[in-house]
Amino acid sequence: MTPLSGGPATAPSPAPRGPRDEVTVSVVGSTGSIGTQTLDVVAEDPERYRVVALGAQRSVDVLVAQARAVRPEVVAIGDATLAGELAEQLPSGTEVLAGPDGLAAIAAIADVVVNGVVGFAGLSVTLAALEAGRRLALANKESIIAGAPVVARVRGTPGAEILPVDSEHCAVHQCLRSGRAADVARLLLTASGGPFRGRKADELSDVGVDEALAHPTWNMGPKITVDSSTLMNKGLEVIEAHELFGVAYDAIDVVVHPQSIVHSMVEFVDGAVVAQLSLPDMRLPIGYALAYPARLGSPFGAIDWAELSVLEFEPPDRTTFRCLDLAYGAGRTGDLAPAWLSAANEVAVEAFLAGRITWAAIADVVGDTLDRYEAPGPAGDRTVADVLDADATARRLADAVVADRSMV
Ligand code: MG
């Protein structure tokens, strides 16, 4: 069996750093869940890590408070109309950049760029960091999924590397370090199962937004939490794993593990399975991405073995949680189909959060949109414009499906 379909299957070796060299960090999406936790991690070792840039879409107040605390050289705001208001409140001497270009610009100026932007908007940040040859600590999975054909190309820039800030992929990254790429049999991504695990489709027809946002083990933003409730998050992570590690879809499996202690596993050809365990805490993957190949000196998510008694595993319910196989399908189609999947899902999740469609209709919107997928001509070197087009087309079609299914 040859599960590897090209691309780097193990971590590339970074340039060696001295033990106490300062590492500069740019945090894009600094006011969100990943961004604020990144600042927590950096605060654990202020001698080693220095935040030189912060960026957010529109949360001026939080951005100002963060800038006063960490004193970056540059602060960027995605919504350019807020730049004046931001500049007035920042410590004097802080440079202000505005608009999507401003967010991309701060992705090019630090040793490590944390991309914690939510959704497709993170693509320009991912591309800017890789094109500048930076280490990208990637929490924005949509960019590597939707932008796969373009991201794959810029990953070859000297110095560019991706360290996944996603608990599963961080786990796989760690597990892969214990064997050779050629000896990998399969990746086993674990899924908590979300708040609706064990329930059937007919019991989920009228679940509300509050229920979908009540994640049993992880505290995250609303978009990813809804994605966890549909298993779309796991589906997106399957595509993300394929892109990050170059492993074929047939060699990526999903295992439901409600405790979220085993963050993922790698099975080798001799039958050995290597897993990474810790309590659910995103600060561990963030610290890993900052410190790799070393380890952050502060423990996050350390297990109390006197407390931990049970680790359960079960197969996913692919009938109730249809988004998982929709994602596998889009991944296998490849090219820009994952961009369509991700865009249609963003539209569907927004419509659900706004009370316009039911939870069950999220999979319908994604499925109906993907049914119309067409590649823009023969596969070849896709451009950013192709990806933006694919995103816009899929959103337009998904909007039409939402309108058809709208409850109001
Ligand atoms: Mg994850």
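Residues numbered from 1 in each chain as written. Predicted model: local features only at pLDDT ≥ 70, side-chain atom pairs only at ≥ 80, totals over all residues. Heavy atoms only, no water.

Undergrad: Now, about the overall build of the protein: what can you tell me, with residues and values included?
TA: Helix and strand counts for the protein come out as 16 helices and 11 strands. Taking the principal axes of the C-alpha coordinates as reference, the protein spans close to 55 × 55 × 50 Å. The burial tally for the protein puts 55% of its 408 residues in the buried class. For the protein, the proportion of contacts with a sequence separation of at least 24, taken over those separated by at least 6, is 70%. Here the protein displays about 16,500 Å² of accessible surface, and carbon together with sulfur accounts for 51% of that area. The average position of the 31 basic charges and that of the 53 acidic charges among the side chains of the protein differ by 3 Å. (Helix = DSSP H or I, 4+ residues; strand = E, 2+ residues; numbered from the N terminus. Buried < 20%, exposed > 50% of the residue type's maximum accessible area, 1.4 Å probe, protein only. Contact = heavy atoms within 4.5 Å. Areas by Shrake-Rupley, 256 points an atom, 1.4 Å probe, with all protein chains shown as cover. Lys, Arg positive; Asp, Glu negative; His and termini not counted. Charge placed at Lys NZ, Arg CZ, Asp CG, Glu CD.)

Undergrad: Describe in detail a nonpolar patch on the surface, supporting the description with residues and values.
TA: On the surface, Leu 277, Trp 305, Leu 311 and Phe 313 cluster together into a nonpolar patch covering about 400 Å² of accessible area. Here Trp 305 lies in the loop between α12 (283–291) and α13 (323–333). (Patch = residues over 30% accessible without salt bridge, like charges linked within 9 Å, V, L, I, M, F, W, Y side chains within 5 Å. Salt bridge = Lys/Arg side-chain N within 4 Å of Asp/Glu carboxyl O.)

Undergrad: Account for the sheet that holds strand β9 (residues 252–256), with residues named and values stated.
TA: Across the sheet, which stays open at both edges, the four strands sit in the order β9-β8-β10-β11 with mixed pairing between neighbours. Each of the sheet's edge strands pairs with one partner strand only, and the pair in question is β9 and β11 (273–277). The average angle at which neighbouring strand axes cross in this sheet is 20°, direction not considered. Two elements, strand β10 (residues 262–268) and β11, share five bridges in a ladder whose sense is antiparallel. Looking at the pairing, Met 265 lines up with Ala 275 of β11. The strands that helix α8 (residues 167–176) touches are β8 (184–191), β10 and β11; relative to β10, the one it contacts most, it runs at about 40°. (Pairing = 2+ DSSP bridges. Axes fitted to C-alpha atoms, helices over the stretch in contact; angles between N-to-C directions.)

Undergrad: Give me the lowdown on the domain arrangement of the protein, citing residues and values where you can.
TA: Looking at the protein, the domain boundaries give domain 1 (23–165), domain 2 (170–280) and domain 3 (335–405). For domain 1 and domain 3, the distance between their C-alpha centres works out to 26 Å. The interface is formed by 11 residues belonging to domain 1 together with 14 residues belonging to domain 3. When domain 1 packs against domain 3, the two sides together hide about 950 Å² of surface, and 70% of this comes from carbon and sulfur. At the junction of domain 1 with domain 3, the criterion picks out one salt bridge. Residues Arg 153 and Asp 381 are paired through a salt bridge, measuring 3.8 Å at the closest nitrogen-oxygen approach. Counting the contacts that link domain 1 with domain 3 gives two residue pairs in polar contact (both at pLDDT 80 or more). Classifying every residue of the side of domain 1 that touches domain 3 by side-chain character gives seven nonpolar, two polar and two charged. (Domains from an automatic or database assignment. Buried area = accessible area lost by both parts, 1.4 Å probe. Polar contact = N/O pair within 3.5 Å; in protein donor to acceptor, adjacent residues only side chain to side chain. Nonpolar A, V, L, I, M, F, W, Y, C, P; charged D, E, K, R; others polar.)

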